[in-house]
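What the coordinates show
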Amino acid sequence: MRGKISEIFESMQGEGLYMGVRQIFVRFFGCNLACKFCDTPLYAFREYTPEELLERLKGHPGKFHSVSFTGGEPLLQKGFLKNIFALNHKRGSKNYLETNGTLPSALKEVIEGADIIAMDLKFPSSTGLKDYWGEHHAFLKIASQKDVFLKAVICKNTEEYDLKRALALIKDINEDIPLILQPDGECDYALLEEKLERFRDICLSEKIKARLVPQMHKILGVG
Ligand code: SF4
């Protein structure tokens, strides 16, 4: 069994609830979506067996919080992911899964090995794609067995009705799951500020734990 991996590096987590912790990043090749705001062009990959990837991870002996399995979409390679999750656990390190939250049946197969799940909510008015509310609902239901938080990219085009749809989904599963509102990194923050603050206030009035968190790795130029 071989996994297609685009890059492996060590850096600081630049977004979400765990912003600032040191991680090893394993970027999986390939994605099932094509979001309008995507800033992760994946042109090349190298193939690894799970054992070879583990050896690469051992090349980072320093102190780090967890290994971030990111993409692309790691769940497209669920068999490989399940294996590397198990090997990484044996090494005594935590598995952090970064996912677009659209492949619930793949998540079900690997959930046991995941420690932290950073799940995107893909608002159609942000992505320019069809809606994934059904997939997101099934996914979050499974992910909620673990330490999970949600992220939504807010762009110039993002509509309030998508936020309200997301809040209904969170309330239906567990209203304690945090939601990170993340400005589109390609857009001038000043243009989004009013919308982000309005969206956060809507979340808070609905008793959802929302935070505004910009992508720090872009501001600091790391990762
Ligand atoms: S899910 Fe992530 S990697 Fe895939 S297209 Fe959207 S932003 Fe890019």
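Calculation notes
- Residues numbered from 1 in each chain as written.
- Predicted model: local features only at pLDDT ≥ 70, side-chain atom pairs only at ≥ 80, totals over all residues.
- Heavy atoms only, no water.
- Helix = DSSP H or I, 4+ residues; strand = E, 2+ residues; numbered from the N terminus.
- Rg over C-alpha atoms; globule rule 2.2 N^0.38 Å.
- Buried < 20%, exposed > 50% of the residue type's maximum accessible area, 1.4 Å probe, protein only.
- Contact = heavy atoms within 4.5 Å.
- Areas by Shrake-Rupley, 256 points an atom, 1.4 Å probe, with all protein chains shown as cover.
- Lys, Arg positive; Asp, Glu negative; His and termini not counted.
- Charge placed at Lys NZ, Arg CZ, Asp CG, Glu CD.
- Pairing = 2+ DSSP bridges.
- Axes fitted to C-alpha atoms, helices over the stretch in contact; angles between N-to-C directions.

1. What to know about the overall build of the protein chain
Scanning the protein chain for helices and strands turns up 8 helices and 9 strands. Relative to the compact-globule value of 17 Å for 223 residues, the protein chain shows a C-alpha radius of gyration of 17 Å, a close match. Dimensions of the protein chain along its principal axes, counting C-alpha atoms only, are 45 × 35 × 30 Å. Buried residues in the protein chain amount to 52% of all 223 residues. By sequence separation, contacts in the protein chain at least 24 residues apart represent 76% of the contacts at least 6 residues apart. Carbon and sulfur atoms form 50% of the exposed surface of the protein chain, whose accessible area is close to 10,300 Å². In the protein chain, 31 positive and 31 negative side-chain charges are present, and the distance between their average locations comes to 4 Å.

2. So, the environment of Asp188
Within the secondary structure, Asp188 sits in the loop between strand E8 (179-183) and helix H7 (189-205). C-alpha separation for the pair Asp188 and Leu129, spaced 59 residues apart in sequence, amounts to 22 Å.

3. Regarding the sheet that holds strand E3 (residues 46-48)
Taking strand neighbours across the sheet as the criterion, the 9 strands line up as E3-E1-E2-E4-E5-E6-E7-E8-E9 in an open arrangement whose pairing is mixed. At either end of the open sheet lies a strand with only one pairing partner, and these are E3 and strand E9 (210-212). The mean inter-strand angle of the sheet, taken between neighbouring strand axes irrespective of direction, is 30°. Looking at chain direction, E8 and E9 are connected through 3 bridges and run parallel. Pairing of Leu179 across the sheet is with Ala210, part of E9. Seen against the sheet, helix H5 (residues 133-143) touches strand E5 (95-99), strand E6 (116-120) and strand E7 (147-154) and runs at an angle of roughly 165° to E6.

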